[in-house]
Amino acid sequence: MKRKLSKIFAGAAALATAATLTACGGGGAGASGDASPGGEPATSSDITVGVAMPTQTSERWIADGNSVQSGLEAAGFNVNLQFANDDIPTQQQQIDQMITQGADVLIVASIDGTALATQLQAAAEAGIPVIAYDRLIRDTANVDFYVTFDNYQVGVDQATSLLIGLGVLDADGNETDSTGPYTVELFAGSLDDNNAHFFWNGAMDTLQPFIDAGTLVVGSGQTSIEQAATLRWSQETAQRRMEDLITAHYSGGSGQLDGILSPFDGISRGIITALQNAGYGPTIGQGMPVVTGQDAEIASVALIDQDVQYSTIFKDTRLLAEQAVIAAQAFATGNTPEANNTTDYDNGVKVVPSFLLQVETVIRDNIQTVLIDSGFFTAEQVERGQL
Ligand code: BGC
């Protein structure tokens, strides 16, 4: 336990300078508390941060990995970045190795948030602070901080955009005179990801009054998160479920289907492929149901631009990476990162101090202002649907 902390404290003076030089502007999870330097000041390059990311099959995690790595390197840390191909044992092994290879701080975006207690116990015994990245790590006391987005709000925003797309709400979110009924289907994320439950709860709290009023009808009757879930957020699994729903409840494609709640762009594209194959579309104006999403993946942004997918939720991974770097700097200088939420993220053992970032809904009309003007994508990337 003490081994790492003494090394970290030795590096505190050097890193405090690095932190001042690299802290990115505005309202971040800065450090609080006193640094406790002792012994010979080390340089920041003596400190290694292990970064465990879930997969490279989704664009967002590649962007997260790259942004965290470059931010840490700019702050003078050594970085050991690993992707686990969405395979739980691979991620467990990678974290075990980071610990044995001498990581001083860990940043972990888990695959299964309940599967890392053994690794984090070893990290605690070695005195390594752990930052949960985007996804909460559950069932362990050994997670020290959590950087993420406002996950409940993501669900609220997804459901709100579904209601706006259907015309139940106007663009400002006020109820219109339209009472439907609109036929919808509901998709959720992977049940082993804590976020999936936040997204679902935010979405269902928003949709339920309209379901109760009969404005929305879930055609299949599948309204529990277990029925709607998509293991590992898989596009193929979502496409298969959509195909099955179309066969069973929409006469193979001729039945009326107005909207689909989708929690992630990869899932949305699986759903849209199934809908296209069954003859829906080609565009929302021409029979394609209103489909939501999340992450502003370039292929989905192009579909939104073409009026095929209705919306996505933009999570600026550059800002999340920045918060992870700031938190790592705080721990590396013997401080505690500043949280802006200390109530909502109970991991089953404790409430983990968290820093939450805000999200933005993207529809066709604001691709330019939100994604292009901010430099997240170029107009050419949106045009061709590829990075
Ligand atoms: C993330 C989402 C992402 C999903 C699938 C969730 O944990 O918060 O942004 O869409 O995983 O990768």
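Everything below is about the structure printed above this text.
Let me sum up the structure you'll find in this document. (Residues numbered from 1 in each chain as written. Predicted model: local features only at pLDDT ≥ 70, side-chain atom pairs only at ≥ 80, totals over all residues. Heavy atoms only, no water.)

### Considering the overall build of the chain
Line of reasoning, step 1. When its secondary structure is counted, the chain shows 14 helices and 14 strands.
Line of reasoning, step 2. A burial count over the chain gives 56% of its 387 residues as buried.
Line of reasoning, step 3. The contacts in the chain between residues at least 6 apart in sequence include a share of 74% that link residues at least 24 apart.
Line of reasoning, step 4. Taken as a whole, the chain presents about 14900 Å² of accessible surface, with 48% of it coming from carbon and sulfur. (Helix = DSSP H or I, 4+ residues; strand = E, 2+ residues; numbered from the N terminus. Buried < 20%, exposed > 50% of the residue type's maximum accessible area, 1.4 Å probe, protein only. Contact = heavy atoms within 4.5 Å. Areas by Shrake-Rupley, 256 points an atom, 1.4 Å probe, with all protein chains shown as cover.)

### Observations concerning the site of the ligand
Line of reasoning, step 1. Arg60, Trp61, Asp134, Arg135, Asp193, Asn195, Phe199, Trp233, Phe264, Gln294, Asp295 and Lys315 make up every residue found near the ligand.
Line of reasoning, step 2. Taking Asp295, its side chain carries an N or O atom lying 2.6 Å from an oxygen atom of the ligand.
Line of reasoning, step 3. Of all elements in the fold, only α3 (59-74) and α7 (194-212) reach the threshold of two or more residues within the shell around the ligand.
Line of reasoning, step 4. Broken down by class, the residue content of the shell around the ligand amounts to 4 nonpolar, 2 polar and 6 charged.
Line of reasoning, step 5. Two domains share the shell around the ligand, each providing at least three of its residues, namely domain 1 (3-143 + 316-358) and domain 2 (151-315 + 362-384). (Near = heavy atom within 4 Å. Polar contact = N/O pair within 3.5 Å; in protein donor to acceptor, adjacent residues only side chain to side chain. Nonpolar A, V, L, I, M, F, W, Y, C, P; charged D, E, K, R; others polar. Domains from an automatic or database assignment.)

### Some details on the side chain of Asn142
Line of reasoning, step 1. Structurally, Asn142 is set in the loop between β5 (130-133) and β6 (145-149).
Line of reasoning, step 2. Side-chain polar atoms of Asn142 contact the side chain of Gln121, separated by 2.9 Å.
Line of reasoning, step 3. Sequence-distant contacts of Asn142, defined by excluding residues within four places in its chain, comprise Leu120, Gln121, Ala124 and Val130.

### Points about the nonpolar core
Line of reasoning, step 1. Residues Leu72, Ile107, Tyr133, Leu207, Met242 and Leu275 are the most contacted members of the largest nonpolar core, which totals 79 residues.
Line of reasoning, step 2. Viewed by domain, this core spans two of them, domain 1 (3-143 + 316-358) and domain 2 (151-315 + 362-384), each represented by three or more residues.
Line of reasoning, step 3. For Met242, the residues in contact, after removing those within four places along its chain, are Phe187, Leu257, Ile260, Ile271, Ala274 and Leu275.
Line of reasoning, step 4. Ranked by size, the runner-up nonpolar core spans 22 residues in total, among them Val108, Ile128, Leu136 and Leu356. (Core = buried A, V, L, I, M, F, W, Y, C linked by side-chain atoms within 4.5 Å.)

### Thoughts on the pattern of salt bridges
Line of reasoning, step 1. The tally for this structure, following the rule as stated, stands at 7 salt bridges.
Line of reasoning, step 2. One salt bridge in this structure joins Arg135 and Asp193, with 2.8 Å as the shortest N-O distance. Placement of the pair is Arg135 in the loop between β5 and β6 and Asp193 in the loop between β7 (182-186) and α7, with a sequence separation of 58 residues. Each member of the pair, Arg135 as well as Asp193, is classed as buried.
Line of reasoning, step 3. Beyond isolated ion pairs, a larger network of salt bridges with shared partners links Arg60, Asp64, Asp134 and Lys315. (Salt bridge = Lys/Arg side-chain N within 4 Å of Asp/Glu carboxyl O.)

### Notes on helix α11 (residues 298-305)
Line of reasoning, step 1. Counting buried positions over the 8 residues of α11 gives 6, a clear majority of the element.
Line of reasoning, step 2. Looking only at α11, the buried set comprises Ile298, Ser300, Val301, Ala302, Leu303 and Ile304.
Line of reasoning, step 3. Looking at the residues trailing α11, positive phi occurs at Asp307, about 65 degrees.

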